Amino acid sequence: MFDIYNFFNKLSELNVKIRLDVGQPDIPVDERIISALIESIKRGETTYVSTGGINELREKIAEIHGVQPQEVIVAPGSKFLVASQLFFAKKIAVISPYWPTYIQMAKKFGKKIQIIETTFKDKWIPDFNLIEEDVDTVIINYPNNPTGIVIPREKMKELVDIASELKIKIVSDEVYRDLTFNKKYVSILDFNYEKGVFVYSFSKTFSMTGFRIGYAIAEREEVKRIQKFIEIMVTCVPKFVQKAAIKALEIKDEIKRKLVEIYGSRVELAKRKLDKKHFEFVEPDGTFYIFPRLKNNISGTTFAHELLKRDVGIFPGEAFGNYNLHIRISLVSPMLENGIKVMNELAAELSEKTVLGVIRY
């Protein structure tokens, strides 16, 4: 399995100029959010607080989603919430391509794993009928990292029906839910599935990656179980971070409109500028990623390593599953157009060397 974190560290150590690899938004955190955090610290709100999150934040989240505060739990990032679910699982099903941390977590916890492959040909739409009967937890991620696709409502219903029959928990990682460019997006919350766990992060919408805060919505008993996990691991999210999160939610609609415009325009730029002789991709419905397939049998890993020598960072498709001819481009740099220009040049050069087969790094 390609180690995405080692490669990220290598890019950082080499001080690569154009970073199109990691999912770190380049849009600054809104000053109002920062001010809310600073004012909270000045008020001395730096002590331990309730493990599940302060009431004010849980009530705000509940109001937004139309649920009860007791069905909301606040944690130090969505990754932590996903980890809590995989920790309690016996066997998980993961849709590929996937965020690699899902697999790393499951292996670290010693869990059985079923990987459900999807294909470029099928536009990354999964067949949920492939879920094995001994799976007790399935994790989905739409809008998807790395492809940017959203599954249709009928596919989500198919999953819910199958999960209901097999008594499977659905963990829906929806950290990119605010970054969609059409009306295809559907949430697990739309189906009121009793064994559904909705996960959200403040990192992508609000650029609050370093704040480490996210939340989950689930049945009350599941919330209590997650809270026990938090209690023995980290105690709580700092109150000043939660105060910043409240401000973020208050201005969310404004920020969301801005982000959709910015990232939507970058998707359009990538669609125009990527050389169709060398790249093909399924058009993303959301996120700030695009997952091209390299033509002419060029290895994505080779491409990524050669590209970093030209001061551009991307991740190879191998990091997200069995997709050796793919790369993931993160559209999080104002230098995106320059980066694509370098990619086009490199792809043209490598294409001339692949007459006899795939070139691998």
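The structure displayed is predicted, hence computed values, not measured ones. (Residues numbered from 1 in each chain as written. Predicted model: local features only at pLDDT ≥ 70, side-chain atom pairs only at ≥ 80, totals over all residues. Heavy atoms only, no water.)

**Details of the overall build of the protein chain**
Next, step 1: Helix and strand counts for the protein chain stand at 12 helices and 14 strands.
Next, step 2: In terms of overall dimensions, the protein chain is globule-like: its C-alpha atoms have a radius of gyration of 21 Å, near the 21 Å expected for 361 residues.
Next, step 3: If one aligns the C-alpha atoms of the protein chain with their principal axes, the spans along those axes are about 60 × 50 × 35 Å.
Next, step 4: The buried share of the protein chain, taken over its 361 residues, is 57%.
Next, step 5: In the protein chain, of all internal contacts separated by at least 6 residues, the share reaching a separation of at least 24 is 75%.
Next, step 6: Carbon together with sulfur atoms contributes 49% to the accessible area of the protein chain, which is approximately 15,900 Å² in total.
Next, step 7: Separation between the mean location of the 53 positive side-chain charges and that of the 48 negative ones in the protein chain comes to 2 Å. (Helix = DSSP H or I, 4+ residues; strand = E, 2+ residues; numbered from the N terminus. Rg over C-alpha atoms; globule rule 2.2 N^0.38 Å. Buried < 20%, exposed > 50% of the residue type's maximum accessible area, 1.4 Å probe, protein only. Contact = heavy atoms within 4.5 Å. Areas by Shrake-Rupley, 256 points an atom, 1.4 Å probe, with all protein chains shown as cover. Lys, Arg positive; Asp, Glu negative; His and termini not counted. Charge placed at Lys NZ, Arg CZ, Asp CG, Glu CD.)

**Structural notes on the environment of Glu 194**
Next, step 1: Positionally, Glu 194 belongs in the loop between β6 (169-173) and β7 (196-201).
Next, step 2: According to the relative accessible area criterion, Glu 194 is exposed, its value standing at 53%.
Next, step 3: As for Glu 194 and Val 160, which are separated by 34 residues in sequence, their C-alpha atoms are 10.0 Å apart.

**Let's talk about the packing of aromatic side chains**
Next, step 1: What the rule picks out here adds up to 23 aromatic pairs.
Next, step 2: Plain terms: the ring middles of Trp 99 and Tyr 102 are 5.3 Å apart, the flat faces sit at 90° to each other, and that makes the pair edge-to-face. With respect to burial, Trp 99 and Tyr 102 carry one shared label: buried.
Next, step 3: Geometry around Phe 87 places Lys 111 over its ring, the cationic atom sitting 5.8 Å from the centre.
Next, step 4: Lying across the ring of Phe 88, Arg 225 places its NZ or CZ 4.3 Å from the centre. (Phe/Tyr/Trp six-rings, centres within 6.5 Å; stacked < 30°, edge-to-face > 60°. Lys NZ or Arg CZ within 6 Å of the ring centre and 35° of its normal.)

**Thoughts on the side chain of Glu 45**
Next, step 1: Looking at the secondary structure, you find Glu 45 in the loop between α2 (31-42) and α3 (55-65).
Next, step 2: For Glu 45, a relative accessible area of 14% translates into the label buried.
Next, step 3: Of note is the side chain of Glu 45, whose polar atom sits 2.5 Å from the side chain of Ser 40.
Next, step 4: Polar side-chain contacts of Glu 45 include one of 3.2 Å to the side chain of Arg 43.
Next, step 5: Non-local contacts of Glu 45, meaning those with residues more than four positions away in its chain, are made with Ser 40, Lys 239, Phe 240 and Lys 243. (Polar contact = N/O pair within 3.5 Å; in protein donor to acceptor, adjacent residues only side chain to side chain.)

**Topic: the sheet that holds β6**
Next, step 1: Taking strand neighbours across the sheet as the criterion, the seven strands line up as β2-β8-β7-β6-β5-β3-β4 in an open arrangement whose pairing is mixed. The two strands at the open ends of the sheet, each matched to only one other strand, are β2 (72-75) and β4 (112-117). Ignoring which end each strand starts from, the neighbouring axes of this sheet average 20° apart. (Pairing = 2+ DSSP bridges. Axes fitted to C-alpha atoms, helices over the stretch in contact; angles between N-to-C directions.)

Honestly, that's just the spatial picture; any functional story needs more than this.
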